[in-house]
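Below, each chain spelled out in residue letters.
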Amino acid sequence: MTAILTYALHYQGEFNKNSLGAVSEGAMLAGELGGEAAAVVVGGDDLTDDLCASLGRYGAAKVFRARAPEGLAQPVVDVMSKVMEDEGFRYALFGGGLLGFEIGAGLTARLGAGVTMEVTAVKVQDGKLVAERPILQDSAVVDVGYVGERGIVIGRLNAFEVKESGQGAAQVVDVEVQLQEHSTRAVMIQRGEQRGADVNIEDADILVAGGRGLGNAEGFDLCESLAQALGGAVAATRAVVDAGWYPYAAQIGQTGKTVAPKLYLAAGISGAIQHKVGMQNAENIVAINKDPNAPIFEFSDLGVVGDLNKILPKLTDAVKAKKG
Amino acid sequence: VKICVLVKEVPDAAVEKRMDPNAKRLDRSGEKNLNPFDTHAIEAAMQIREGGAVEVDEIVAVTMGPESAYRALHKAVSLGADRSVHLTDDALAGSDVCATGYALGTVLASESPDLVLLGQQSDDGECYTIGAVVADHLKMPSLTQVIKIDVEGGKLRCERQAEYGYDTVEVELPAVISVGDAINEPRYPSLKAIMGAKKKPLDTKSVADAGIEPERVGDEGSRTEVLAINPPPQKQAGEIIEDEDTNETVERIVGWLEERKLLA
């Protein structure tokens, strides 16, 4: 019996870490369900036999390979719905990420299957999958079950750990899929454009991260001075990167980087889930925000309610004085 | 072209949101408002109209929700929509993403839009997925989290952040586009627009009016069920400093950092 199908996103000859997490999680759950796990890959010639077969290391028994445009969701919906129907898969599982959300949502419509999103854990109850999903800004966690034969699980970023199962190469199966007409009417013009300077935030022990509360691009000067005094680097939220205040390479969260520094000092960041998933494993979280109701205070170790423009310069001076 | 904007009524940001433990649904009582993310979609529609690259004949706000949701439509109209459609029926209560997407897809199909716009997420359900579900029902190309739309030669040139950086994607119409909140700064409605909103056409539809199969919506049509509601894993609450005297605040922060050997 076939149990769980995952989607493995790749770019420039490498699989996405969250996809590998989904493949690992899928293999483990399939074992509990008493079935097999497989993965779908979609793309061009860079999907070599060796690359596809390497998903076996994370527990995929089979890899279904389809030649179709990559980086867009709808061609993958066409491929996955066909493989699920032809091979009798019960569940589709996705790691965190934009495409996973879009593909999972498309499959829901196509198959008439239930979907859960932002899932942080999956368990097996009475031979069926049950998804754990935090809701209402993580103030509660609901257990969600699926009605009917099929179900779609979309994980939260970093929810599923990458685990090598010690299994050998996966069997690679080529599938021919006729794409739906609408799936060919969106065309990638440019993919993966990097905007702004290349900065390295993943190796820093100390990060000073700035958000919309800084008010404008110049507000980042305050963060840079403090980061310099602390011997750390500067990071940013998606909102300010999209606004052009800071380079993309410094972005934390859902479509940015995931970090776990010794100190994460968040300046003017409200703490949306999309940001939280990229930094919640920091050892020490300090948040400065003028809004006492900002969600970031719910998961910071030290919260300071106040005006950044007053606090940051004085804090920078005090740190400099202390460190000599 | 005709643009439909999907909107939703959500509990106001100031309302403490909770789950109703008996119904196992979100308790949606209390003060409500137009989902703030939707205002970006309405603004995007207005900017396409004002941009002049394509003639916009009509902007229609569409919602599914209880009787009270007409107020979200009035707000949408005050922000620029020409008229609105309200799908409302007791049979729709309890619809999950699968059922909601089907119902909205059916109502939208009857409007034959050239472009469907929506916000990136609802402030209450936080599902991020309705756009892609609706697109599959309508058999239209779709993108989510779009932060720039240019209309060129009857096609949309869209930009968004994906896993590996910024992607630029060309999308043919008709299409379903969900916009990120970085796409624009929504305008405020004028007093005149607020007063005039109630006079614009509002078409109220039941499940039967819209041609929706009742067994595919509501509790019966939903493909997920909430089995249990649990408290989140407890994290010890952090220390909070209210900044009154900034010198003292800074001293406390530095002390806190020193204790943890972060200033070494």
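Heads up: the structure comes first, above all this text.
Since this is a predicted model, take the numbers as computed values, not measurements. Residue indices follow the written sequence of each chain, beginning from 1 at its first position. Chain A is the first chain written and ligand 1 is the first ligand written, with later ones labelled in order. For this predicted model, a pLDDT threshold of at least 70 governs which residues receive local features, and a threshold of 80 or more governs which side-chain atom pairs are given and counted, while totals over whole chains, interfaces and linings are taken from all residues. With hydrogens and water excluded, all non-hydrogen atoms of the structure serve as input to the side-chain values.

(A) Summary view of the interface of chain A and chain B. Contacts are assigned to residue pairs with any non-hydrogen atoms lying within 4.5 Å of each other. Taken residue by residue, the interface counts 88 residues in chain A and 77 residues in chain B. Contact between chain A and chain B buries roughly 7200 Å² in total, counting both sides, with carbon and sulfur atoms accounting for 57%. Note on definitions: salt bridges are taken to be side-chain nitrogens of Lys or Arg within 4 Å of carboxyl oxygens of Asp or Glu. The interface formed by chain A and chain B contains four salt bridges. The partner of Glu258 of chain B in a salt bridge is Lys322 of chain A, with the nearest N and O atoms 3.9 Å apart. Polar contact is the term for a pair of N or O atoms within 3.5 Å; when the atoms are in protein, one must be able to donate a hydrogen and the other to accept it, and sequence-neighboring residues count only if both atoms are side-chain atoms. For the pair chain A and chain B, the number of links is 36 residue pairs in polar contact (both at pLDDT 80 or more). Here a strand is any run of E in DSSP of at least two residues, a helix any run of H or I of at least four, and the numbering for each starts at the N terminus. Broken down by element, the side of chain A that touches chain B gets its largest block of residues, nine residues, from helix H4 (residues 98-111) of chain A. For this classification, the nonpolar set comprises Ala, Val, Leu, Ile, Met, Phe, Trp, Tyr, Cys and Pro, the charged set comprises Asp, Glu, Lys and Arg, and every other residue, Gly included, is treated as polar. Taken together, the residues that form the side of chain A that touches chain B break down as 42 nonpolar, 26 polar and 20 charged. Think of it this way: DSSP has to see at least two bridges between two strands before they count as a pair. In terms of strand pairing, strand S10 (residues 140-146) of chain A meets strand S14 (residues 224-230) of chain B through six bridges, oriented antiparallel. Of the residues in S14 of chain B, the one forming a bridge with Asp143 of chain A is Ala228 of chain B. Reported buried area values correspond to the accessible surface (1.4 Å probe) lost by two parts on association, with both partners' losses combined.

(B) Examining unusual backbone geometry more closely. At the junction of Leu173 of chain B and Pro174 of chain B, the peptide bond is cis and its omega measures out at 0° in the coordinates. Not every positive phi belongs to a glycine, and Asn158 of chain A is a case in point at roughly 65°. Secondary-structure assignment places Asn158 of chain A in the loop between strand S11 (151-155) and strand S12 (171-174). Of note, Gln145 of chain B is a non-glycine position whose phi angle comes to about 60°, a positive value. Along the chain, Gln145 of chain B turns up in strand S9 (residues 142-152).

(C) Representation of a nonpolar patch on the surface in the model. To count toward a patch, a residue needs a relative accessible area over 30% and no salt bridge; like charges are then connected within 9 Å, while nonpolar side chains (Val, Leu, Ile, Met, Phe, Trp, Tyr) are connected within 5 Å. The Shrake-Rupley method, run with a 1.4 Å probe sphere, supplies the accessible areas, and residue values consider only the shown protein chains as cover. A surface patch of nonpolar side chains, about 330 Å² in accessible area, is lined by Leu191, Ile194 and Met195 of chain B. As for its placement among the helices and strands, Met195 of chain B is situated in helix H5 (residues 191-197).

(D) Layout of the packing of aromatic side chains. A pair of Phe, Tyr and Trp rings is counted when the ring centres sit within 6.5 Å of each other, with Trp represented by its six-membered ring. The angle between the planes then sorts it: under 30 degrees is stacked, over 60 is edge-to-face, the rest tilted. Following the criterion strictly, the structure yields six aromatic pairs over all chains and no others. Between Phe220 of chain A and Tyr246 of chain A, the aromatic rings sit 4.3 Å apart at their centres with planes inclined by 20°, giving stacked as the arrangement. You can see Phe220 of chain A sitting in helix H5 (residues 220-230) and its partner Tyr246 of chain A sitting in the loop between helix H6 (238-242) and strand S16 (263-267), a full 26 residues away along the chain. Relative accessible area serves as the criterion here: at 14%, Tyr246 of chain A is assigned to the buried category. For a lysine, the NZ atom is tested; for an arginine, the CZ atom; a charge sits over a ring if that atom is within 6 Å of the ring centre and within 35 degrees of the ring normal. Looking at Arg195 of chain A, its charged tip hangs above the ring of Tyr166 of chain B, at a distance of 4.0 Å from the centre. One Lys or Arg, Lys276 of chain A, reaches over the ring of Phe299 of chain A and ends 4.9 Å from the middle of that ring. Throughout, exposure labels follow a simple rule: accessible area from a 1.4 Å probe, protein chains only, divided by the maximum for the residue type, with under 20% read as buried, over 50% as exposed, and the rest as partly exposed.

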